[in-house]
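# Geometric and topological summary
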Amino acid sequence: MAETMIKADNLVKIYKTKETEVLALQGLDLTVEEGELTAIIGNSGSGKSTFLNMIGGLDKPSAGSLFVAGKNLFTMTEKELVLYKRDTVGFVWQNNGRNMLPFLSAVENVMLPMNLSDTKKKKDKALELLEMVGMSHKKSSRMNMLSGGEQQRVAIAIALANSPKILLADEPTGSVDFRTADYIFDVFSELNKNGQTILIVTHDTALSKKVKRVVAIRDGKISSERVLKEGFADRLKESGIDWRNADSQDEYVVLDRAGRLQLPQDMLASLELTDNKVKVFVRNGEIVIAKP
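Basis of the calculations
- Residues numbered from 1 in each chain as written.
- Predicted model: local features only at pLDDT ≥ 70, side-chain atom pairs only at ≥ 80, totals over all residues.
- Heavy atoms only, no water.
- Axes fitted to C-alpha atoms, helices over the stretch in contact; angles between N-to-C directions.
- Helix = DSSP H or I, 4+ residues; strand = E, 2+ residues; numbered from the N terminus.
- Parallel < 35°, antiparallel > 145°, perpendicular 65-115°, else oblique.
- Left-handed = near helix turned anticlockwise from the far one by under 90°.
- Contact = heavy atoms within 4.5 Å.
- Pairing = 2+ DSSP bridges.
- Expected span 1.5 Å × (residues − 1).
- Polar contact = N/O pair within 3.5 Å; in protein donor to acceptor, adjacent residues only side chain to side chain.
- Buried < 20%, exposed > 50% of the residue type's maximum accessible area, 1.4 Å probe, protein only.

At a minimum axis distance of 10 Å, the contact between helix 5 (residues 148-159) and helix 6 (residues 178-193) shows a crossing angle of 15°. Relative to helix 6, the element helix 5 lies roughly parallel. Regarding helix 5 and helix 6, the two cross each other, and that crossing is right-handed. Contacts between helix 5 and helix 6 pair G149, Q152, R153 and I156 from the former with T180, Y183, I184, V187, F188 and L191 from the latter.

See below:
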């Protein structure tokens, strides 16, 4: 059976200053299994980047529990956290300058994280990773000689340098064109086929429509999930599908442990409610929510 790679239970994050207190996560629950390719979507301020930073060991939860690859992020010492960030997670940023040094070549950038580990034959592995992301022909190029999409592919190779159990990507297609975004997704898809667990935060509607599981965060908790329809699962490589308009996924509203759910805003708007009350009843085995 697949190992549980991420287990978040009633996760809370509160940011405090002298003047204000912001509740970024409000009891978030999520389980991600080994080998899953999952996208997290949500509006700005919904808590998705906060959650990704917690999994990456860059931010600490305020309450609840968070286990990643069997490690308890609440109880880690600083030394354990350093090793965790080196060996367990790899990060791909929208601003790929955070992943690489401009005065080094592509292959030197990929080798750099390996200097923090006991990886053997560093250059051979770096060249293998560049080949995997389609950048072996630019191995000697410095970053200012590469396009934005090429830099992002090198950034993915860097994130994989120490063979992380989980690859985290924060808006990896946010600064590239559609064609390059499709290529980057193909790289993620191939990595996933080889067993790599990947978690992506994205605003890219087309990219999220290709992912088998999409988790929507709203107001600091999971509000809904979309799952790729069986008929589309085998068609990810087809170029004739317009993923920006295709109805490729089934959507589910998620019940929390108290039986509460968050309805999509467009559904609520269609009821034209005048206050915060709705009528709920059971009919033919279905729960119906209606305007009073």
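Next comes the rest of the description.
Further remarks concern the sheet that holds strand 6 (residues 89-92). Backbone hydrogen bonds hold the strands of a sheet together, and the pairing may be parallel or antiparallel. Spatial ordering of the open sheet is given by 6-7-8-3-9-10-11, a layout of seven strands whose pairing is mixed. Two strands close off the open sheet at either side, each with one partner strand: strand 6 and strand 11 (249-253). Shown here is a sheet whose adjacent strand axes are inclined to one another by a mean of 20°, direction ignored. Taken together, the five bridges between strand 7 (residues 166-170) and strand 8 (residues 197-201) define a ladder with parallel strand orientation. Each residue of the ladder has a partner; that of I166, found in strand 8, is T197.

The terminal C-alpha atoms of helix 6 lie 22 Å apart, and with 16 residues this matches the ideal 22 Å at 1.5 Å per residue to within 8%. Packed against the buried residues of helix 6 are strand 3 (37-41), helix 4 (122-132), helix 5, strand 7, strand 8 and helix 7 (205-210). The N-cap of helix 6, judged by a side-chain oxygen 3.3 Å from the amide nitrogen of R179 a few residues on, is D177.

Before going further, it helps to examine the sheet that holds strand 2 (residues 21-33). Reading across from one edge, 2-1-4-5 is the order of the four strands in this open sheet, with antiparallel pairing throughout. Only two strands of the sheet have a single neighbouring strand rather than two, namely strand 2 and strand 5 (71-72). Sheet contacts for helix 1 (residues 48-55): strand 1 (4-16), strand 2 and strand 4 (63-68); angle to strand 1, the most-contacted strand, approximately 120°.

This part is about helix 5. Its 12 residues place the ends of helix 5 16 Å apart at the C-alpha level, agreeing with the 16 Å of an ideal helix rising 1.5 Å per residue. Most of helix 5 sits inside the fold, with 11 of its 12 residues counted as buried. All buried positions along helix 5 are accounted for by G149, E150, Q151, Q152, R153, V154, A155, I156, A157, I158 and A159. Elements in contact with the buried residues of helix 5: strand 6, helix 3 (106-111), helix 4, strand 7 and helix 6.

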